[in-house]
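# Fold and geometry: a report
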Amino acid sequence: MYPRVRPILLPNSADFESLPLVKPTGFREYDARWWFGCHGSSNAPELNLMGAQAVGIGIGTLARRRGVPMEIVTGHDFRGYSSAVKMALVSGLMAAGMRVHDIGLALSPMAYFAQFKLDCACVAMVTASHNENGWTGIKMGFERPVTFGPDEMSALKEIVLSGDFDLAGGGSYYFHEDFARYYIDELTRRPKINRKLKVVVACGNGTAGAFAPAILQALGCEVIPLDTQLDHSFPRYNPNPEDMAMLHAMGEAVGTHRADIAFGFDGDGDRCGVVDNVGRELFADKVGVLLARDLAKIHGPSLFVVDVKSTGLFSSDPALKQLGAEVDYWKTGHSYIKRRVRDLKALAGFEKSGHFFFNAPIGRGYDDGLVTAIAVMDMLDRNPGKTLADLYEEMPQTWSSPTMAPYCRDEVKYDVVERIMRRFTTMKEIGEMVAGQPISELLTVNGVRVTTSDGTWGLVRASSNKPELVVVIESPVSKLRMHEMFSAIDSVIRQNPEVGAYNQSI
């Protein structure tokens, strides 16, 4: 028998130490995120250690019922509590009969790599990625190189919340000491970069600081470390390459050190942000266009998958059209794009958030920020007479917002987006203008992406891993049109009183 999980427990109580706490909203679309708590926070915890154990039992139960081999890779990111959460998870996995391969402190792509290296179908990586200190979570998969989607997450949620566990027992545990050396060898066992690149490596004091500088140095780069010391309080900014604070710091470092490029890695190293040699922040979707141009020249007409937050240049860029490149716009989320890249046998997939996915011969299909950085450096190698700024300026200009996130509770955010989608659908049907122009297209594969007749577009969707909405704007016409579209989109959003303030705005 195992105690039934509780959705709410008061901390500093006997029940909190004796019963599993698992808030249902922590089971998100394709991974799990809970507020675990940190010193000085008044927010109530959404998970305790016994709750993490219950989730481990649930993962093992689901694996057994789906006929998956009962072996699993696990690791943890650098936070003050991640190791404890992982060991609680491990005890649950073992109770359900799984053989656990623990690789210790790791990046998420290191755990994905371990699935291949250790010939292990399953993975459960304890990480809250770029979320603030106090969050924890799990990225899970039963089939390399893909991770859970909504079907698996719904099944896991039902098992855990209902207590429908198979406590088979018989599990075991093996710790792989210094596993990181295999991952580092995987990325550096190749020719060095020919160009003498001076590279700023920014890690936001997250896990990547333990690995990224050494890997890029081994490839022949002169590395300028920026916030690479491990510090889970994230004293300067969250390790999030979509966050303008991190991008601005990278730009300043490029100017100070006269660097050729800056790479910024998120908290678990599966995303990469880029700043060029003039200190300009390049949103990841634009970097994706550059990489698509470069790769299509080498591999011929190729298919690329991109998320709905990404630039319209993927479908309108004359250079990509001339190279015969095709594009598939799909749902935002590392799990969705990863699976779509695999299913369509695309050469690569790009997300505006900085998750990039490369199939063979470039990568193994999963998202790895360091593989992305290496692909960008290889692109520079193939263009020895051009800087990254030169390559960027060859693209048609568009004006893009950063990813903006107004607060919206997990319990209502999907309903709010549904209302917003219905509102824009009605506006299109009756011919109502948006930012002074008629709606030419509504893309509703993930939230709603509203495009007007001049190609300016705005997206509203629910965040998959935080209590907030996601808003992105782009115009191929002007900065003014970008701002006009934002005002129009925001005016519809504000018709819903559940939506709060933005984390950043234009």
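As a starting point, this report considers the structure included with it. (Residues numbered from 1 in each chain as written. Predicted model: local features only at pLDDT ≥ 70, side-chain atom pairs only at ≥ 80, totals over all residues. Heavy atoms only, no water.)

## Structural notes on unusual backbone geometry
Going from Arg144 to Pro145, the amide bond is cis rather than trans, its omega being 0 degrees. With respect to the helices and strands, the residue Pro145 is situated in the loop between strand E5 (135-141) and helix H5 (150-162). A cis amide bond links Ala360 with the next residue in sequence, Pro361, at an omega value of 10 degrees. As for its placement among the helices and strands, Pro361 is situated in the loop between strand E15 (356-358) and helix H13 (369-381). Backbone geometry places Ser129, a non-glycine residue, at a positive phi of 55 degrees. Among the secondary structure elements, Ser129 is positioned in the loop between strand E4 (122-126) and E5. The backbone phi angle of Lys345 is positive, close to 55 degrees, even though this residue is not glycine. Here Lys345 lies in the loop between helix H12 (334-344) and strand E14 (348-350). Overall, Lys345 belongs to the exposed group, its relative accessible area being 72%. (Helix = DSSP H or I, 4+ residues; strand = E, 2+ residues; numbered from the N terminus. Buried < 20%, exposed > 50% of the residue type's maximum accessible area, 1.4 Å probe, protein only.)

## Brief notes about the packing of aromatic side chains
In total, this model carries 16 aromatic pairs according to the counting rule given. Aromatic side chains Tyr2 and Phe165 sit 5.7 Å apart centroid to centroid with 90 degrees between the ring planes, which places their arrangement in the edge-to-face category. Of this pair, Tyr2 sits in the segment before helix H1 (14-18) while Phe165 is found in the loop between H5 and strand E6 (172-175), placing the two residues 163 residues apart along the sequence. The same class applies to Tyr2 as to Phe165, namely buried. Aromatic rings pair up to connect Phe304, Phe314, Phe350, Phe356 and Phe358 into one cluster. Between Arg340 and the ring centre of Trp330, over which it is positioned, the NZ or CZ distance is 3.8 Å. For the cation-ring pair, Arg364 lies above Phe116, with the distance from its terminal atom to the ring centre recorded as 5.0 Å. (Phe/Tyr/Trp six-rings, centres within 6.5 Å; stacked < 30°, edge-to-face > 60°. Lys NZ or Arg CZ within 6 Å of the ring centre and 35° of its normal.)

## Some details on the pattern of salt bridges
One pass over the structure, following the stated rule, counts 43 salt bridges. The residue Arg144 makes a salt bridge to Asp119 at a minimum N-O spacing of 3.0 Å. Pair noted here: Arg144 is in the loop between E5 and H5 and Asp119 is in the loop between helix H4 (108-117) and E4, with a separation of 25 residues, a long-range link. Several salt bridges share partner residues, and in doing so they unite Lys23, Glu46, Arg409 and Glu411 into one network. (Salt bridge = Lys/Arg side-chain N within 4 Å of Asp/Glu carboxyl O.)

## Digging into the nonpolar core
Counting 67 residues, the largest nonpolar core has Phe263, Phe265, Phe350 and Met377 as its most contacted members. No other element matches the nine residues that H13 contributes to this core. With 39 residues, the next largest nonpolar core counts Val5, Phe27, Cys122 and Phe165 among its residues. (Core = buried A, V, L, I, M, F, W, Y, C linked by side-chain atoms within 4.5 Å.)

## Points about a nonpolar patch on the surface
A surface patch of nonpolar side chains, amounting to about 270 Å² of accessible area, comprises Met87, Tyr173 and Phe175. Take Met87: it is sitting in helix H3 (residues 82-95). You can call Met87 partly exposed: its relative accessible area is 35%. (Patch = residues over 30% accessible without salt bridge, like charges linked within 9 Å, V, L, I, M, F, W, Y side chains within 5 Å. Areas by Shrake-Rupley, 256 points an atom, 1.4 Å probe, with all protein chains shown as cover.)

## Thoughts on the sheet that holds strand E13 (residues 326-330)
Where strands meet in a sheet, backbone hydrogen bonds hold them as pairs that are either parallel or antiparallel. With mixed pairing, four strands are arranged side by side in an open sheet as E13-E12-E14-E15. A strand with exactly one partner marks an edge of an open sheet, and here the two such strands are E13 and E15. Taking each pair of neighbouring strands and ignoring which way they run, the sheet shows an average axis angle of 15 degrees. Each of strand E12 (303-307), E14 and E15 touches helix H9 (residues 284-299); the most contacted strand, E15, lies at about 20 degrees to it. Here H12 sits on the sheet and contacts E12, E13, E14 and E15; the angle it forms with E12, its principal contact strand, is near 165 degrees. (Pairing = 2+ DSSP bridges. Axes fitted to C-alpha atoms, helices over the stretch in contact; angles between N-to-C directions. Contact = heavy atoms within 4.5 Å.)

## Observations regarding helix H15 (residues 413-430)
Across its 18 residues, H15 extends 26 Å between first and last C-alpha, which sits within 8% of the 26 Å expected from 1.5 Å per residue. Of the positions making up H15, those classed as buried are Lys413, Val416, Val417, Ile420, Met421, Phe424 and Met427. Each buried residue of H15 lies within a common arc of 140 degrees when the element is viewed along its axis, so the set occupies one face. Exposed residues on H15 whose side chains face more than 90 degrees from its buried face are Glu429 and Ile430. Check the buried side of H15 and you find it contacts strand E17 (439-443), strand E18 (448-452), strand E19 (457-462), strand E20 (469-475) and helix H16 (479-493). Where H15 ends, the next residue or the one after it, Gly431, has phi of about 80 degrees, a positive value. (Expected span 1.5 Å × (residues − 1). Arc of directions from axis to C-beta.)

## Section: the environment of Met125
Summarising the element assignment, Met125 is placed in strand E4. Relative accessible area serves as the criterion here: at 0%, Met125 is assigned to the buried category. The residues contacting Met125, other than those within four sequence positions of it, are Gly75, His76, Asp77, Ala106, Leu107, Ser108, Ala111, Gly137, Ile138 and Lys139.

## So, the environment of Gly312
Looking at where Gly312 falls in the secondary structure, it is placed in the loop between E12 and helix H10 (313-316). Given the relative accessible area of 15%, Gly312 is considered buried. Separated by 263 residues in the primary sequence, Gly312 and Leu49 place their C-alpha atoms 44 Å from one another. Beyond its immediate chain neighbours, meaning those up to four positions away, Gly312 contacts Tyr329, Arg449, Trp457 and Glu474.

## Description of the packing of helix H2 (residues 49-65) against H3
Contact geometry of H2 with H3 gives a least axis separation of 6 Å together with a crossing angle of 40 degrees. One element, H2, and the other, H3, form an angle in the oblique class. For the element pair H2 and H3, the recorded crossing hand is right-handed. Each of Leu49, Ala52, Gln53, Val55, Gly56, Ile57, Ile59 and Gly60 in H2 lies in contact with H3, whose residues at this interface are Ala84, Val85, Ala88, Leu89, Ser91, Gly92, Leu93 and Ala95. The class makeup of the residues in the contact of H2 with H3 is 11 nonpolar, five polar and no charged. (Parallel < 35°, antiparallel > 145°, perpendicular 65-115°, else oblique. Left-handed = near helix turned anticlockwise from the far one by under 90°. Nonpolar A, V, L, I, M, F, W, Y, C, P; charged D, E, K, R; others polar.)

## Regarding the sheet that holds strand E9 (residues 261-265)
Judged by pairing direction, the sheet is mixed, and its five strands sit side by side in the order E8-E7-E9-E10-E11 without closing on themselves. A single partner strand is all that each edge strand has here, and the edge strands are strand E8 (222-226) and strand E11 (281-282). Here strand E7 (residues 198-202) runs beside E9; their pairing, made up of four bridges, is parallel. From the neighbouring strand, Val201 faces E9, where its bridge partner is Phe263.

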